Amino acid sequence: MNRLTGKVSSIDEMIELIRATPELMSQVTYWHTIPPREGRYADFPEGLNPLLKEALGAKGISRLYTHQAQSFSEVRQGRHVVTVTPTASGKTLCYNLPVLQGILQDESARALYLFPTKALAQDQVAELQEMGNVMGADIKTHTYDGDTPPTVRQAIRNAGHIVVTNPDMLHSAILPHHTKWVKLFENIKFIVIDEVHTYRGVFGDHVANVIRRLKRICRFYGSNPQFICASATIDNPKEHAERLIGEPVSLIADNGAPAGRSISCSIIRPW
């Protein structure tokens, strides 16, 4: 610690200060240091569209993490998938790659993305639009939520390749008006559900019922989409995802992303 400022100069010094403070450590019941981990990689999957390879290369990505490659492979084999890896491990590519690949192969293909918050949806739209611009592909990606202007909604219904929304809008503004969304429901190939761990309890029950309505409407229009789910690490991801969507899923939980040294500890709650 700097004797003049009273401030620590590094994370390691802060950790040592905590461990040397009895008042703090008396509240700690468990302390575990997780060693750093090297990344595990896989080559781009065979058959990956050259435009996607170029777009990834422009972002400095020359290969995939193993869990990303495995997710792509499972989806391409027609299976429903749930990918469960930590934050910042690249889960976004686990669903964006197979979705974009499908749309590049079939221009009529459609995808529906569900996020629990508008902020996540906006981030995803920006990511997809950036990749579309780099590829020079006319993949129309739009957010459909309460802030979407009425003048834009019709264009999204008729021409949106990827519609990004949330469970509430799906329940109240899309499913009841499915006759206006014929283009989507007749051609929907993928349904992406991110942050599936948030759909639990009563809220999760409601979302599961909305998804069952969604599946019935898809069948009515002759489509049978694949579900691609992603989640933070939870104890029962496969069971949880299967109960949510009502279908068997392939679990991908072997994280290939690198990680630095980290510390896990448990403390006594003051209440």
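Since this is a predicted model, take the numbers as computed values, not measurements. (Residues numbered from 1 in each chain as written. Predicted model: local features only at pLDDT ≥ 70, side-chain atom pairs only at ≥ 80, totals over all residues. Heavy atoms only, no water.)

1. Some words on the pattern of salt bridges
Spelled out, the test is: Criterion for a salt bridge: a side-chain nitrogen of Lys or Arg within 4 Å of a carboxyl oxygen of Asp or Glu. Comment: elements are numbered from the N terminus, with helices defined as DSSP H or I runs of at least four residues and strands as E runs of at least two. Only protein chains enter the accessibility calculation, which uses a 1.4 Å probe. A residue is then buried if its area is under 20% of the maximum for its type, exposed if over 50%, and partly exposed in between.
Evaluated as defined, the whole model comprises nine salt bridges. The residue E127 makes a salt bridge to K59 at a minimum N-O spacing of 3.4 Å. Highlighted residues: E127 in helix α6 (residues 118-135) and K59 in the loop between α3 (50-58) and β3 (64-65), separated in sequence by 68 residues. For K59, a relative accessible area of 35% gives the class partly exposed.

2. So, the side chain of N49
Rule in force here: In what follows, residue pairs with any heavy atoms lying within 4.5 Å of each other are defined as contacts.
Examined against the element boundaries, N49 turns out to sit in the loop between β2 (41-42) and α3. Those residues in contact with N49, other than ones at most four positions away along the chain, are Q101 and L104.

3. Description of the packing of helix α8 (residues 167-174) against helix α10 (residues 201-220)
Rule in force here: Angles here are taken between N-to-C directions and fall from 0 to 180 degrees, while the axes themselves are lines fitted to C-alpha atoms, restricted in helices to the stretch in contact. Put simply, angles under 35 degrees are roughly parallel, angles over 145 are roughly antiparallel, angles from 65 to 115 are roughly perpendicular, and the rest are oblique. Helix crossings fall into two classes, left-handed where the near helix is turned counterclockwise from the far one by less than a right angle and right-handed where it is turned clockwise. As a working rule, the residues Ala, Val, Leu, Ile, Met, Phe, Trp, Tyr, Cys and Pro are called nonpolar, Asp, Glu, Lys and Arg charged, and the rest polar, with Gly in that last group.
Between α8 and α10, the shortest axis-to-axis distance is 10 Å and the interhelical angle comes to 50 degrees. Between α8 and α10, the angle is such that the two are oblique. α10 is crossed by α8, and the crossing has left-handed handedness. For the pair α8 and α10, contact is made by P167, L170 and H171 and by V207, V210, R213 and L214, respectively. A class-by-class count of the residues in the contact of α8 with α10 yields five nonpolar, one polar and one charged.

4. A few points about the confidence of the model for the protein chain
The test is simple: Per-residue confidence from the prediction method is given by pLDDT, with values spanning 0 to 100.
For the protein chain, mean pLDDT is 91; residues scoring 70 or higher make up 97% of the total. Per-element confidence in the protein chain ranges from a low mean pLDDT of 80 for strand β11 (residues 262-267) to a high of 98 for strand β8 (residues 188-193).

5. Considerations on the nonpolar core
As a rule of thumb, soluble globular proteins bury nonpolar side chains together. What counts, and what does not: The term nonpolar core refers to a set of buried residues drawn from Ala, Val, Leu, Ile, Met, Phe, Trp, Tyr and Cys, joined through side-chain atoms within 4.5 Å.
By size, the foremost hydrophobic cluster in this structure holds 34 residues, and its most contacted members are Y144, L170, W181, F185, I193, L214 and L244. Per-element tally for this core: the top contributor is α10, with seven residues. If we skip the residues at most four places from it in the chain, L170 touches L112, L114, T165, L175, P176, V210 and L214. L100, I103, A111 and F115 belong to the second-largest nonpolar core, a separate cluster that totals 32 residues.

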